[in-house]
Amino acid sequence: MNNSNLIPIYAEIFLVVATSAILLIDMFLSEAKRGITYALSLFALAGCAYFTFADFNAGTTTYAFYNMVVSDPMGNLLKLFTYLTVGVTFVYSRQYTHDRGMLGGSLGGEFYALALFSMLGQMVMIAANNFLSIYLGLELMSLATYALVALRRDHPISTEAAMKYFVLGALASGFLLYGMSMLYGATGTLELSAMAAKIASGTVTPTILVFGLVFVVAGLGFKLGAVPFHMWVPDVYQGSPTGVTLLLGAAPKLATFAICIRLLVEGLLPMAFDWQQMLMVLAVLSLAIGNLTAIAQTNLKRMLAYSTIAQMGFVLLGLMAGVVGQDQSNTSAAYSAAMYYSITYVLSTLGTFGLIMVLSRAGHEAEELADFRGLSKRSPWFALVMTLLMFSLAGVPPMMGFAAKLAVLQTVLHTGQLWLTIFAVMASLIAAFYYLRVVKTMWFDEPVDTAPIKVATDKNIVLGLNALLVFVLGVVPGPLLDACLHAMKQTLAS
């Protein structure tokens, strides 16, 4: 193996070394010096971004390790947003984790170490081109997040959430692994592109393929939190510390989207008719149940969990709109729209959970809808930021979420399924109710909490930039949409 084979995984190698060093250095730091761990973690993310951006800028597709790993424009763009997401999460959660004793003790930096190892798993998932590397990345990400959910060992709700997440996550991994084993048994290969060629040749028994495909789609549905595989999402979101909820609900969605593209598009595109029908059912159920159930929630984290289920329904709509009959001319547009929607959702979600952490303080979790009453009177700035983010999630123009929903609906309409487009629009109208209820609560209700809101300067700046990004990319969505489309075209062409 020559040295050039390592180029596609320079970022992963750097992250392994950096995270191991951070974990070692943190052992010798007192709680008062834990800011060093925080700074080193941000440095590790910056280093990863440097290597990945160089790869993305080259615009080439490179395979390594006997085609087990691929570096392509789609993967590199998703990795860059993953770094951004994790970095912003660190900024938002720094004070929050400190106030709850999650950074205390001799191994207090484990929050940062586990988050970085979880991100490493996501990077492996995004770059995977083989069943083995997909599963390796998935388990690395999952094991780290199980530990993160249970990080508050003295908190019974977090411990219960961790148990639920572990049991159902293991079930999801089992589904996915069993489906992969069936596909391997049918095609005789673990490599995705070779599997696609084998299926296209027509020499594979279709019954075994469909059987394996059902389990793969079920496993992906669990990881996306789509109905009927959504039962873990509300409990885990609500039970986890809010900083961990953000680590669960943001960056992993980008990695899961990546393995959806790797498995379903790059590996199983000849079977698109079969898996698109399955995704359509998951999308319709997710949009209906997610939005209707969210209306009844008064806990903001639980409401956002059901909102996530519905948002994933839109991502699934984009994924199921790529192939129409035998026509594959819409693939790049549909999959890039789904990719853009995933990024939009993540950027909007970052700010909402960030603001929940801003309003929380030691001994008080500001996660109930009542905690946001009269926020405009306590802090018009934070009320404005939350309003922009709620508008984006609801798809209100000119926010980023509107451009994302429009892009997905256009691809669905291209398939000729008018009823599905109308259904998605109606579901979005239902969703607007509970998002706008938060806005109404902030601007028109009287405050019940008059405690001053103290926010570190860095968190305040990042929150402002987060909201500004959501607004600007809604007014001018072209650059990011074009980047997603260009990346997807180059990736599918390779």
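Residues numbered from 1 in each chain as written. Predicted model: local features only at pLDDT ≥ 70, side-chain atom pairs only at ≥ 80, totals over all residues. Heavy atoms only, no water.

(A) Just the packing of helix 2 (residues 35-58) against helix 4 (residues 110-127), in detail. It is at 10 Å that the axes of helix 2 and helix 4 come closest, and there the two elements cross at 15 degrees. Of the possible angle classes, the one that applies to helix 2 and helix 4 is roughly parallel. Relative to helix 4, the crossing made by helix 2 is right-handed. Of helix 4, the residues touching helix 2 (which contributes Thr37, Tyr38, Ser41, Leu45 and Cys48) are Tyr112, Leu116, Met119 and Met123. Along the lines of polarity and charge, the residues of the contact of helix 2 with helix 4 split into seven nonpolar, two polar and no charged. (Axes fitted to C-alpha atoms, helices over the stretch in contact; angles between N-to-C directions. Helix = DSSP H or I, 4+ residues; strand = E, 2+ residues; numbered from the N terminus. Parallel < 35°, antiparallel > 145°, perpendicular 65-115°, else oblique. Left-handed = near helix turned anticlockwise from the far one by under 90°. Contact = heavy atoms within 4.5 Å. Nonpolar A, V, L, I, M, F, W, Y, C, P; charged D, E, K, R; others polar.)

(B) Highlighting the nonpolar core. Trp275, Leu317, Leu319 and Tyr335 are the most contacted members of the largest nonpolar core, which has 167 residues in total. Per-element tally for this core: the top contributor is helix 14 (residues 331-359), with 18 residues. Setting aside its immediate chain neighbours within four residues, Leu319 contacts Phe257, Cys260, Ile261, Trp275, Gln276, Leu279, Tyr335 and Ala338. (Core = buried A, V, L, I, M, F, W, Y, C linked by side-chain atoms within 4.5 Å. Buried < 20%, exposed > 50% of the residue type's maximum accessible area, 1.4 Å probe, protein only.)

(C) Local environment of the packing of helix 6 (residues 156-187) against helix 9 (residues 232-239). The contact between helix 6 and helix 9 brings their axes to 8 Å, and the two run at 145 degrees. Read as a crossing pair, helix 6 and helix 9 show a hand that is left-handed. Contacts from Ile157, Ser158, Ala161, Lys164, Tyr165 and Leu168 in helix 6 reach Trp232, Asp235, Val236 and Gly239 in helix 9.

(D) A look at the packing of aromatic side chains. Taken as a whole, this structure holds 20 aromatic pairs when the rule is applied. Here the aromatic rings of Tyr178 and Phe211 are separated by 6.2 Å at their centres, their planes lie at 80 degrees, and the arrangement is edge-to-face. Of the two residues, Tyr178 sits in helix 6 while Phe211 sits in helix 8 (residues 206-224), which places them 33 residues apart along the sequence. Look at Tyr178 and you get partly exposed, because its relative accessible area is 38%. Through pairs of rings, three or more aromatic residues link up here, namely Phe175, Tyr178, Phe211, Phe215, Phe222 and Phe229. Here Lys405 stacks its cationic end above the ring of Phe314, 5.0 Å away from the centre of that ring. (Phe/Tyr/Trp six-rings, centres within 6.5 Å; stacked < 30°, edge-to-face > 60°. Lys NZ or Arg CZ within 6 Å of the ring centre and 35° of its normal.)

(E) Main features of the side chain of Asp72. Tracing the sequence through the fold places Asp72 in the loop between strand 2 (69-71) and helix 3 (73-99). One polar contact links the side chain of Asp72 to the main-chain amide nitrogen of Gly75, over a distance of 2.8 Å. Those residues within four positions of Asp72 in sequence are excluded, and the remaining contacts are Thr60, Thr61, Arg262, Glu266 and Thr491. (Polar contact = N/O pair within 3.5 Å; in protein donor to acceptor, adjacent residues only side chain to side chain.)

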